[in-house]
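The lines below spell out each chain.
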Amino acid sequence: MEYSHSDAEMIKQPIGYWSWAAYDAVVSRTRGALAELGATQPQWWVLAQLGRAEGPRSRADVSAVLRGYLDTGQEALDAEIDATVGRGWVTESAGGQVDLTPEGRAFFDRLAARQDELWAERHAGISDDEYLTTMKVLQRFIRNTGGRAWHH
């Protein structure tokens, strides 16, 4: 790969710009790939929370976990959960328990396979050690600037 700057120039580059550019590229690619299959990224999050669970979960529990994802906000998140129910991917009991339908399970499996492909695409040419260092450095930037990051 040909980099944008020499090493000496690269260390003077603004982290804010490059972290934003990475975010924009990754999120845009992910959302586009999911849209090709007919889902939004928040719908994928809902299906993933249910698809990886051992059984039904409360709507409140799923919401609590997802609330921190990319500043989605509760109102938008509720609408996305409602959309998964409306599309027939998720059932919701009168008590607020949500779970995948058989159609939802099949769709989750398709989306999960696409996410695996995207992971491989993003990580091409990047070792686990490089990725680990990147994640630790980004978390240090967040801490050093008084920011807050949350992910399960």
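In this convention, every chain numbers its residues from 1, walking through the sequence in written order. Only residues with pLDDT of at least 70 are given local features in this predicted model, and only at 80 or more are side-chain atom pairs given and counted; all residues enter the totals for whole chains, interfaces and linings. Side-chain numbers here rest on the full set of heavy atoms in the structure, without hydrogens or water.

### Description of the pattern of salt bridges
Note the threshold: In the sections that follow, a salt bridge refers to a side-chain nitrogen of Lys or Arg positioned within 4 Å of a carboxyl oxygen of Asp or Glu. The way it works is that DSSP assigns letters per residue, a run of H or I at least four long becomes a helix, a run of E at least two long becomes a strand, and they are numbered from the N terminus. Summary of the burial criterion: residues with accessible area below 20% of their type's maximum are buried, those above 50% are exposed, and those between are partly exposed, where the area comes from a 1.4 Å probe applied to protein chains only.
Under the definition given, this model contains six salt bridges. Here R114 and E36 are joined by a salt bridge, their closest N and O atoms 3.0 Å apart. One end of the pair, R114, is in helix α6 (residues 102-123); the other, E36, is in helix α2 (residues 15-37), and 78 residues separate them in sequence. Since its relative accessible area comes to 59%, E36 is described here as exposed. Measuring nitrogen to oxygen at the nearest pair gives 2.9 Å for the salt bridge that ties E92 to R59. Of this pair, E92 sits in strand β2 (residues 90-92) while R59 is found in helix α4 (residues 59-66), placing the two residues 33 residues apart along the sequence. Because the salt bridges share partners, they merge into one network encompassing E36, R114 and E117.

### Notes on helix α7 (residues 128-144)
Note the cut-off: Any helix carries an expected span of 1.5 Å times its number of residues minus one.
Between its terminal C-alpha atoms α7 stretches 24 Å, which fits the 24 Å expected from 17 residues at 1.5 Å a residue. Backbone geometry just after α7 places G146 at a positive phi near 75°.

### Considerations on the sheet that holds β2
Hydrogen bonding along the main chain pairs the strands of a sheet, whether they run parallel or antiparallel. This is how the line gets drawn: DSSP calls a pair of strands paired once it identifies at least 2 bridges connecting them.
If you trace the three strands from one edge of the open sheet to the other, you get β1-β3-β2, paired in antiparallel fashion. Looking at the sheet topology across the chains shown, the edges are occupied by β1 (57-58) and β2. Bridge analysis of β2 against strand β3 (residues 97-100) gives three bridges, and the strand direction is antiparallel. Bridge pairing in β3 links E92 to V98.

Remember, this is a structural readout, not a statement about activity or role.
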